[in-house]
Amino acid sequence: ELPPSEFMQVADSTWLVLSVVSNGREPPGCQATGVTKIARSVIVPLAEHHVSVLMLSTYQTDFILVRERDLPVVIHTLAGEFDIYKEEGGECVPVTCDDVSNGFLKPKPPASPTLHPVQSPQTRFCVLTVAPDTLPAIATMLIDVLFYSHSPPWDAATGSQDLDSITFFSFSLIEGYISIVMDAETQKRFPSDLLLTSSTGELWRMVSIGGQPLGFDECGIVAQIAEPLAAADISAYYISTFNFDHALVPEEGIAEVIQLLQQRQESGR
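A quick note: this is a predicted structure, and the numbers were derived from the prediction, not measured.

Cut-offs used in this document
Residues numbered from 1 in each chain as written. Predicted model: local features only at pLDDT ≥ 70, side-chain atom pairs only at ≥ 80, totals over all residues. Heavy atoms only, no water. Axes fitted to C-alpha atoms, helices over the stretch in contact; angles between N-to-C directions. Helix = DSSP H or I, 4+ residues; strand = E, 2+ residues; numbered from the N terminus. Parallel < 35°, antiparallel > 145°, perpendicular 65-115°, else oblique. Left-handed = near helix turned anticlockwise from the far one by under 90°. Contact = heavy atoms within 4.5 Å. Nonpolar A, V, L, I, M, F, W, Y, C, P; charged D, E, K, R; others polar. Core = buried A, V, L, I, M, F, W, Y, C linked by side-chain atoms within 4.5 Å. Buried < 20%, exposed > 50% of the residue type's maximum accessible area, 1.4 Å probe, protein only. Patch = residues over 30% accessible without salt bridge, like charges linked within 9 Å, V, L, I, M, F, W, Y side chains within 5 Å. Areas by Shrake-Rupley, 256 points an atom, 1.4 Å probe, with all protein chains shown as cover. Salt bridge = Lys/Arg side-chain N within 4 Å of Asp/Glu carboxyl O.

A. Here's a closer look at the packing of helix α5 (residues 221-231) against helix α6 (residues 254-267). One can describe the packing of α5 onto α6 by two numbers: an axis separation of 10 Å at closest approach and a directional angle of 120°. The angle between α5 and α6 falls in the class oblique. In terms of crossing hand, the pair formed by α5 and α6 is right-handed. Contacts between α5 and α6 pair Ala 223, Gln 224, Ile 225, Glu 227, Pro 228 and Leu 229 from the former with Val 257, Leu 260, Leu 261, Arg 264 and Gln 265 from the latter. Among the residues forming the contact of α5 with α6, the class breakdown is seven nonpolar, two polar and two charged.

Right, dumping it as structure tokens:
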């Protein structure tokens, strides 16, 4: 419904959402532990079969987006480890490999993925949710932060922002559940009694992936971060955006995360 505009760029692909649940149950309504639990079983196999993914962590759970044209490969790749269902008229209907046999192309042998540089700004972030019925109480503040707050100076010479800090604000509304990521300073502008966080109230640090826009055709970007963190049992809150990917990890574990990712970079050279 959005009118065409020279200021709006739209990716060519149409994407479908994979919602991964454990033992057929949705996770409880508390802060998710992050993408690492499903990294090896979903993200890594898809990367090995040349399937590009977008990752979206929310306060409640995680979603993996795949291109619609890749669905046959996705189902063939995951059918051995997962029961796969599609939603039809609000009902979940089992999907088998036979349903997508037409058009299935055997994937090419995977090439060695590009290992993108990672950077960690000093900004501290909060992962929050808010009850839908209290959203109007913070709507004005949300609009101000989303559309009118000033960003750090843009360095035209380097084409990047000052990485000592980063402007990042994420708001998602999925099936009635609201998820917000904001820096700790911005959180102070909101009424504290309306924003809900985990019982520990932990702060998160960000790892930004890529020194230039990543595009949508490359595979293995999410796996580059998720696989080594999964092996070390470190939780990550992962958000793919139009240009870059961002992973948030608990603040107390940022040094270990940077060390792991640097080792991954060196071993991949």
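Back to the text.
B. Structural context of the nonpolar core. Membership of the largest hydrophobic core comes to 40 residues, with the highest contact counts inside it found for Ile 64 and Tyr 238. Elements with a minimum of two residues in this core: α1 (36-48), β2 (53-57), β3 (62-67), α2 (71-78), β12 (204-209), α5, β14 (245-250) and α6. Residue contacts for Ile 64: discarding those within four places in its chain leaves Leu 16, Val 17, Leu 18, Val 20, Ile 38, Val 42, Ile 43, Val 53, Leu 54 and Met 55. Core analysis: the next-biggest nonpolar cluster, separate from the first, contains 16 residues, Leu 128, Leu 135, Leu 142 and Leu 195 among them.

C. Focus on α2. For α2, a buried count of six out of eight residues is recorded, marking the element as mostly surrounded by other parts of the structure. Taken together, the buried positions of α2 are Pro 72, Val 73, Val 74, Ile 75, Thr 77 and Leu 78. The inward-facing, buried residues of α2 contact β1 (15-19), α1 and β3.

D. Structural context of the environment of Leu 56. Secondary-structure assignment places Leu 56 in strand β2. Note on Leu 56: relative accessible area 22%, which makes it partly exposed. For the pair Leu 56 and Thr 241, spaced 185 residues apart in sequence, the C-alpha separation works out to 8.7 Å. Beyond its immediate stretch of four places on either side in the chain, Leu 56 contacts Thr 61, Asp 62, Phe 63, Ile 174, Tyr 238 and Ile 239.

E. Layout of a nonpolar patch on the surface. Among the surface-exposed residues, Ile 143, Leu 146, Phe 147, Tyr 148, Phe 171 and Leu 173 lie close enough to one another that they form a single nonpolar patch of about 650 Å² accessible area. Those elements giving two or more residues to the nonpolar patch turn out to be α3 (135-148) and β10 (170-174). Relative to the helices and strands, Tyr 148 resides in helix α3.

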